[in-house]
Amino acid sequence: GQSLEQPSEVTAVEGAIVQINCTYQTSGFYGLSWYQQHDGGAPTFLSYNGLDGLEETGRFSSFLSRSDSYGYLLLQELQMKDSASYFCAVRDRNTGFQKLVFGTGTRLLVSP
Amino acid sequence: KAGVTQTPRYLIKTRGQQVTLSCSPISGHRSVSWYQQTPGQGLQFLFEYFSETQRNKGNFPGRFSGRQFSNSRSEMNVSTLELGDSALYLCASSLEADGYEQYFGPGTRLTVT
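Below is a summary of the structure that appears in this document. (Residues numbered from 1 in each chain as written. Chains lettered and ligands numbered in written order. Predicted model: local features only at pLDDT ≥ 70, side-chain atom pairs only at ≥ 80, totals over all residues. Heavy atoms only, no water.)

Across a sheet, strands are paired by hydrogen bonds formed along the backbone, either parallel or antiparallel in direction. All names here are of chain B. If you walk across this open sheet you meet the four strands as E1-E3-E8-E7, and the pairing is antiparallel. Both edges of this open sheet fall to strand E1 (5-7) and strand E7 (64-68), since each of them pairs with a single strand only. Each adjacent strand pair in this sheet contributes to an overall mean axis angle of 20 degrees, direction not counted. The pairing of strand E3 (residues 19-24) with strand E8 (residues 74-78) spans five bridges and is antiparallel. Across the sheet, residue Ser-22 finds its bridge partner in E8, namely Glu-75. (Pairing = 2+ DSSP bridges. Helix = DSSP H or I, 4+ residues; strand = E, 2+ residues; numbered from the N terminus. Axes fitted to C-alpha atoms, helices over the stretch in contact; angles between N-to-C directions.)

Printed below as a string of structure tokens:
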């Protein structure tokens with residue numbers, strides 16, 4: 001099965017750079033996704049790493065290293081609107097079907 | 001293109017009752033997944049439907065069931081409600097099965113008293 005661990009909370013100031021880590025215990029999965037969820041809102045897709053390496057989408061970048069069982073989401077030039085919860089997720093392929101398993105979630109607080 | 005819609009948005013039920021939640025995916029999306037979100041357990045996968053067939057099921061009791069219709073709309077049902085079923089129930093759609101990019105609806109906030 002899958003277990004994805006994230007820090008529970010990260011704080012930063014506007015304009016800064018923050019990295020949210022996702023470490024996992026698994027024997028097989030298809031890629032790593034990241035979702036953002038504002039309080040009271042629905043999760044929204046941010047990025048996907050199907051292969052090891054860095055994927056960049058504007059101010060957001062995501063990285064995956066299968067050999068280290070590790071991935072991260074990098075947010076640059078932080079803005080107040082980036083205050084939200086961030087979840088990593090993988091497709092578990094160990095159980096014969098591919099359910100999407102979410103990490104524990106990281107609450108990001110951006111201050112002025 | 002309209003997003004994923006869920007009805008109702010809020011629901012209050014008492015223990016022992018049953019409830020049916022509805023989800024309409026983005027037009028053209030054939031896969032619908034359901035999740036339960038609670039502060040303590042985070043986002044937990046319930047089930048996934050594709051072309052009216054349940055492909056995957058999470059670790060939830062049989063009181064939780066669902067179905068998908070030919071127009072891809074989906075419903076989930078919870079029978080014999082328990083206090084612990086109070087949660088935000090999220091529906092997500094994707095173009096194909098096992099999609100890594102899912103589009104979530106606003107959710108149904110269920111409170112069981």
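Next comes the rest of the description.
With that settled, consider the interface of chain B and chain A. At the junction of the two partners, chain B supplies 18 residues and chain A supplies 14 residues. Both sides of the chain B and chain A interface together cover about 1,500 Å² of buried area, and 57% of this is carbon and sulfur. For the chain B face of the interface with chain A, the top three residues by lost area are B:Leu43, B:Tyr100 and B:Phe104, together amounting to 37%. Where chain B touches chain A, the interface holds zero salt bridges. The interface formed by chain B and chain A contains two residue pairs in polar contact (both at pLDDT 80 or more). Listing elements by their share of the side of chain B that touches chain A, those giving two or more residues are strand E4 (31-38), strand E5 (42-50) and strand E6 (53-57) of chain B. (Contact = heavy atoms within 4.5 Å. Buried area = accessible area lost by both parts, 1.4 Å probe. Salt bridge = Lys/Arg side-chain N within 4 Å of Asp/Glu carboxyl O. Polar contact = N/O pair within 3.5 Å; in protein donor to acceptor, adjacent residues only side chain to side chain.)

Once that is clear, we can look at the environment of B:Phe64. Residues and elements named next belong to chain B. Residue placement: Phe-64 occurs in strand E7. Classification of Phe-64 as buried rests on a relative accessible area of 2%. Through-space distance from the C-alpha of Phe-64 to that of Leu-81 is 9.6 Å; in sequence the pair is 17 residues apart. Filtering out sequence-adjacent residues up to four positions away, Phe-64 remains in contact with Gln-36, Leu-46, Phe-47, Lys-57, Met-76, Asn-77, Val-78, Asp-85 and Tyr-89. (Buried < 20%, exposed > 50% of the residue type's maximum accessible area, 1.4 Å probe, protein only.)

The next thing to look at is the pattern of salt bridges. All names here are of chain B. Evaluation of the coordinates by the stated rule reveals eight salt bridges over all chains. Between Arg-63 and Glu-82 there is a salt bridge, with its nearest N and O atoms 3.6 Å apart. With Arg-63 in the loop between E6 and E7 and Glu-82 in the loop between E8 and strand E9 (87-94), this pair connects stretches of sequence that are 19 residues apart. By relative accessible area, which is 42% here, Glu-82 ends up partly exposed. Residue Arg-67 pairs with Glu-75 through a salt bridge whose shortest N-O separation is 3.3 Å. Residue Glu-75 is classed as buried on the basis of its relative accessible area of 17%.

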